[in-house]
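Report on the structure
The residues making up each chain are set out below.
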Amino acid sequence: MFDFEKGPIKLILGGKYPHCHTVFVDDQKSALIDAASKEDTLRALDQRNPVKILLVSHGHEDHIMYNYLFPQAAFWVPEADAHVFLSINNLLGCYSPTDEERAQWKHLLLEQCHYEVRKADRLLKDGDMLEFGRTRCLVIHTPGHTPGHCAFHFPEEKVLFLADMDLVKGGPYYGDVASSIEQTLDSLLRLAAIDVEVYLTSHGRGIHDGDPDQIHRFAAHIQKRENALLEFLAQGPKTLEEVTQKGIIYGPPRVVAGWDLSISERSMMSKHLKRLEKQCRVTLEAGRYEFLE
Ligand SMILES: [Zn+2]
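Please read all numbers here as calculations on a predicted model, not as lab measurements. (Residues numbered from 1 in each chain as written. Predicted model: local features only at pLDDT ≥ 70, side-chain atom pairs only at ≥ 80, totals over all residues.)

1. What about the sheet that holds strand S9 (residues 136-141)?
- Read across the open sheet, the six strands follow the order S8-S9-S10-S11-S12-S13; overall the sheet is mixed. Each having just a single partner strand, strand S8 (129-131) and strand S13 (207-209) make up the two edges of the open sheet. Each adjacent strand pair in this sheet contributes to an overall mean axis angle of 25°, direction not counted. (Pairing = 2+ DSSP bridges. Helix = DSSP H or I, 4+ residues; strand = E, 2+ residues; numbered from the N terminus. Axes fitted to C-alpha atoms, helices over the stretch in contact; angles between N-to-C directions.)

So this is what it looks like as structure tokens:
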């Protein structure tokens with residue numbers, strides 16, 4: 001039933017987007033974090049020990065698929081992402097899609113991710129100590145991926161759930177309108193400083209040794225992307241579209257399970273370009289980004 005167990009902390013691997021892995025806290029007040037893994041397993045868990053608390057690590061569509069199975073559970077969400085659960089337009093607003101993209105997104109959110117409006121029963125903040133019976137969990141607010149993104153630290157079990165700071169080979173995502181490269185870097189540094197035995201993540205392998213070098217390697221993708229971008233611009237001035245088509249992050253434009261990766265590529269590259277402009281390493285002249293020696 002579980003792919004990982006350490007005391008009351010269990011993980012159910014959930015497969016690819018728009019699924020994610022689910023953390024189950026098997027205690028008096030049983031809890032799920034990110035119920036988007038396996039429907040059958042989640043239903044069986046609920047029958048054995050009804051789920052009392054349903055948490056989400058942040059307001060993204062690939063962490064909510066089976067929330068509707070637990071209408072009786074208290075719903076706890078990170079404060080800065082709570083608006084995403086109050087209106088589908090708020091979630092769409094995270095990505096600022098064109099009208100055409102908007103229709104595709106809506107379809108994905110409703111049909112595949114089972115998006116539903118749900119008011120939070122508790123807003124999670126940095127430093128909150130959550131109690132599920134004997135199990136305690138510290139909320140670590142780690143913005144960057146989204147403004148509200150949270151990690152969950154189980155100090156007694158020495159387990160840290162990194163959620164979408166997910167250690168995948170491709171590196172971190174910061175493509176939402178409100179995502180931030182600087183905050184992602186700061187959050188990763190903060191997580192790397194927490195001493196645990198195991199990292200759990202929402203995507204990819206899901207279960208990792210608690211070796212902070214893995215977090216540092218994951219963070220290093222950000223600098224590698226920026227270096228590749230500077231190299232590309234050194235060949236001559238480029239428009240944002242040309243930079244997007246180059247596919248430095250996700251490779252050639254493609255769609256994965258309804259998610260058009262070129263939208264994320266454009267948004268993330270645009271954040272890198274703004275950062276480089278601020279550092280006076282790049283300038284925008286007549287719609288083209290130019291590398292300044
Ligand atoms: Zn996410």
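So, next bit.
2. So, the domain arrangement of the protein
- Domain assignment breaks the protein into domain 1 (4-217) and domain 2 (222-281).
- For domain 1 and domain 2, the distance between their C-alpha centroids amounts to 27 Å.
- Of the residues lining the interface, 16 residues belong to domain 1; the matching set on domain 2 comes to 13 residues.
- The leading source of residues in the side of domain 1 that touches domain 2 is helix H3 (residues 99-112), at four residues.
- Partitioning the side of domain 1 that touches domain 2 into residue classes produces nine nonpolar, five polar and two charged. (Domains from an automatic or database assignment. Contact = placed C-beta atoms within 7 Å. Nonpolar A, V, L, I, M, F, W, Y, C, P; charged D, E, K, R; others polar.)

3. Considering the sheet that holds strand S4 (residues 31-33)
- Taken in spatial order, the seven strands make up an open sheet running S1-S2-S3-S4-S5-S6-S7, and their pairing is mixed. Each edge of the open sheet is held by one strand with a lone partner, namely strand S1 (4-6) and strand S7 (122-124). On average, each strand axis in the sheet is tilted by 20° relative to the strand beside it, whichever way the strands run.

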